Amino acid sequence: IRNGQMAGMAVVACPSSGFRKRVLEAKRAKEEEPSKINHHLLTKGLHPISTPSGLQYTILREGAGARAVAGDSVEVNYTASFLNGKIFETTDEALARQAGVFQLGNSYQPLTLQVKSDGPLSGFEECMGLFPKGTKAQLIIPSRLAYGENGHGRIHPYTPLLCTIEILDIKR
């Protein structure tokens, strides 16, 4: 060793064991995701409709009228949870308090989204054009249509999500 360097050798940092563990956990989660979704469907006795993208949904209450098209604004209430039912986000303040996810500063008002016509759509965005006003549906959103390989906060990589939505209004 000369001047703090090894003679004739490059020093390469090795990934930490924590990093390797996260990579292995993500790989396992990706491989297990389809079976987790199937297990959820079987244990709940669900027979959802599937879209070509892989979004699955069950209509809980039929709406009426026209569906949203590109450029329309959709007002929606929603509750998002993991397959085990643990809620992580909702527009319902009482439910947020009950589930222990209430956050000061959150307005707990319906969400308004504009329906897109181009680019990749999340499962949540995709469903906005599927249902007329008044529809209440439960979505099963595979990770590739949600937070994917990166995850987000409490949502781990390759985590499929449940989302109950209610289309309150569609504005042209």
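So, a few notes on the structure that sits alongside this text. (Residues numbered from 1 in each chain as written. Predicted model: local features only at pLDDT ≥ 70, side-chain atom pairs only at ≥ 80, totals over all residues. Heavy atoms only, no water.)

1. A closer look at the packing of aromatic side chains
Test applied: Aromatic pairing here means that ring centres of Phe, Tyr or Trp (its six-membered ring) are within 6.5 Å. Orientation follows from the plane angle: under 30 degrees is stacked, over 60 is edge-to-face, and everything else is tilted. Remark: a charge is flagged as sitting over a ring if the NZ atom of Lys or the CZ atom of Arg is within 6 Å of the ring centre and within 35 degrees of the ring normal.
Under the definition given, this model contains 4 aromatic pairs. Over the aromatic face of Phe102 sits the side chain of Arg97, whose NZ or CZ is 3.8 Å from the ring centroid.

2. Points about the state of the cysteines
By definition, a disulfide links the sulfur atoms of two cysteine residues through a covalent bond. How we decide: For the purposes of this analysis, a disulfide is any pair of cysteine sulfur atoms at a distance within 2.5 Å.
Across all of its chains, the model carries 0 disulfides by this definition. Take Cys127: it sits in no disulfide, and the sulfur closest to it among the cysteines is that of Cys163, at 6.8 Å.

3. With respect to the environment of Leu139
Applied cut-off: Runs of E in the DSSP output that reach at least two residues are strands. Runs of H or I that reach at least four are helices, and both are numbered from the N terminus. Note on classification: 1.4 Å probe, protein chains only; a residue is buried when its accessible area is under 20% of the maximum for its type, exposed when over 50%, partly exposed between these limits. Contact between two residues is taken to exist if any of their heavy atoms lie within 4.5 Å; hydrogens are not considered.
For Leu139, the location among the structural elements is in strand β6 (residues 136-141). On the basis of relative accessible area, Leu139 is assigned to the buried category, the value being 0%. Taking the C-alpha atoms as reference, Leu139 lies 9.3 Å from Ala80; in sequence the two are 59 residues apart. Residues contacting Leu139, with those up to four places away along its chain left out, are Leu55, Gln56, Tyr57, Cys127, Phe131, Leu161, Leu162, Cys163 and Ile165.

4. Remarks on the nonpolar core
Just so we agree on the cut-off: To qualify as a nonpolar core, a set must consist of buried Ala, Val, Leu, Ile, Met, Phe, Trp, Tyr and Cys residues joined through side-chain atoms within 4.5 Å.
Within the largest apolar cluster, 24 residues are counted, with the highest numbers of intra-cluster contacts made by Met128, Phe131, Leu139, Cys163, Ile165 and Ile167. When near neighbours in sequence (up to four residues on either side) are disregarded, Ile165 contacts Val76, Asn77, Tyr78, Phe124, Cys127, Phe131, Thr135, Lys136, Ala137 and Leu139. One finds Ile37, Leu41, Leu83 and Ile140 within the second-largest nonpolar core, a separate group that totals 5 residues.

5. Some thoughts on the pattern of salt bridges
Spelled out, the test is: Any carboxyl oxygen of Asp or Glu that lies within 4 Å of a side-chain nitrogen of Lys or Arg is treated as forming a salt bridge with it.
Inspection of every chain in the model, using the stated rule, returns 6 salt bridges. In this structure, the salt-bridge partner of Glu25 is Lys21, at a minimum N-O distance of 4.0 Å. Of this pair, Glu25 and Lys21 both sit in helix α1 (residues 17-44), 4 residues apart, which is roughly one turn of the helix. Here Glu93 and Arg97 are joined by a salt bridge, their closest N and O atoms 3.0 Å apart. Of this pair, Glu93 and Arg97 both sit in helix α2 (residues 93-99), 4 residues apart, which is roughly one turn of that helix.

6. Regarding the side chain of Ser143
Among the secondary structure elements, Ser143 is positioned in the loop between β6 and β7 (161-171). Residues in contact with Ser143, not counting those within four places in the same chain, are Glu33, Gly148, Tyr158, Thr159 and Pro160.

7. Structural notes on the environment of Gly71
Mapped onto the fold, Gly71 is located in the loop between β2 (56-61) and β3 (73-82). Taking the C-alpha atoms as reference, Gly71 lies 24 Å from Tyr108; in sequence the two are 37 residues apart. Those residues in contact with Gly71 that lie beyond four places of it in its chain are Gln114 and Val115.

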